[in-house]
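Here is what each chain is made of, one letter per residue.
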Amino acid sequence: METKRIPLLTLPTTDYEQMVGMSNTRLVGVLRSAVLTPERIGRFSPRPPEEHDAYMVRHSTNCIDVHLYSEGAEVFHIKFVAADEY
């Protein structure tokens, strides 16, 4: 079985401590406004896909992971970390 490599974008942020206390819905809102808008999406490498239909947020010890899905398959992974940890 072939495993498809999911592109990963790590984003260090000075607002990480504030983000840890946010709901998953709010975190997706931050992601959509700060990263996934048409005027901002091109600034990132690898570039997140414009076409996706679902999100899954996971909180870990040192990061917040947001997985983007399209038609049930994961297509992109974004990792928020504290700016000083990156």
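Here goes a summary of the coordinates provided.

**Examining the pattern of salt bridges**
1) Next: The final tally for this structure, using the stated rule, is two salt bridges.
2) Next: Across the pair Arg-47 and Glu-50 runs a salt bridge whose closest N-O atoms are separated by 3.4 Å.
3) Next: Residue Arg-47 is classed as partly exposed on the basis of its relative accessible area of 46%.
4) Next: Residue classification places Glu-50 among the exposed positions, given a relative accessible area of 56%.
5) Next: The salt bridge partner of Asp-65 is Lys-79, with a shortest N-O separation of 3.1 Å. Of this pair, Asp-65 sits in strand S3 (residues 64-70) while Lys-79 is found in strand S4 (residues 73-82), placing the two residues 14 residues apart along the sequence.

**Quick notes on unusual backbone geometry**
1) Next: Cis geometry is adopted by the peptide bond preceding Pro-46, which originates at Ser-45 and carries an omega value of 0 degrees.
2) Next: Note that Pro-46 resides in the loop between helix H3 (38-41) and strand S2 (54-59).
3) Next: One non-glycine residue, Glu-71, lies in the positive phi region at around 55 degrees.
4) Next: Within the element layout of this structure, Glu-71 appears in the loop between S3 and S4.

**As for the environment of Leu-27**
1) Next: Mapped onto the elements, Leu-27 comes out in helix H2 (residues 24-34).
2) Next: Judged by relative accessible area, which is 1%, Leu-27 ranks as buried.
3) Next: Apart from the residues lying within four places of it in its own chain, the contact partners of Leu-27 are Met-19, Met-22, Val-57, His-59 and Ile-64.

Parameters at a glance
Residues numbered from 1 in each chain as written. Predicted model: local features only at pLDDT ≥ 70, side-chain atom pairs only at ≥ 80, totals over all residues. Heavy atoms only, no water. Salt bridge = Lys/Arg side-chain N within 4 Å of Asp/Glu carboxyl O. Buried < 20%, exposed > 50% of the residue type's maximum accessible area, 1.4 Å probe, protein only. Helix = DSSP H or I, 4+ residues; strand = E, 2+ residues; numbered from the N terminus. Contact = heavy atoms within 4.5 Å.

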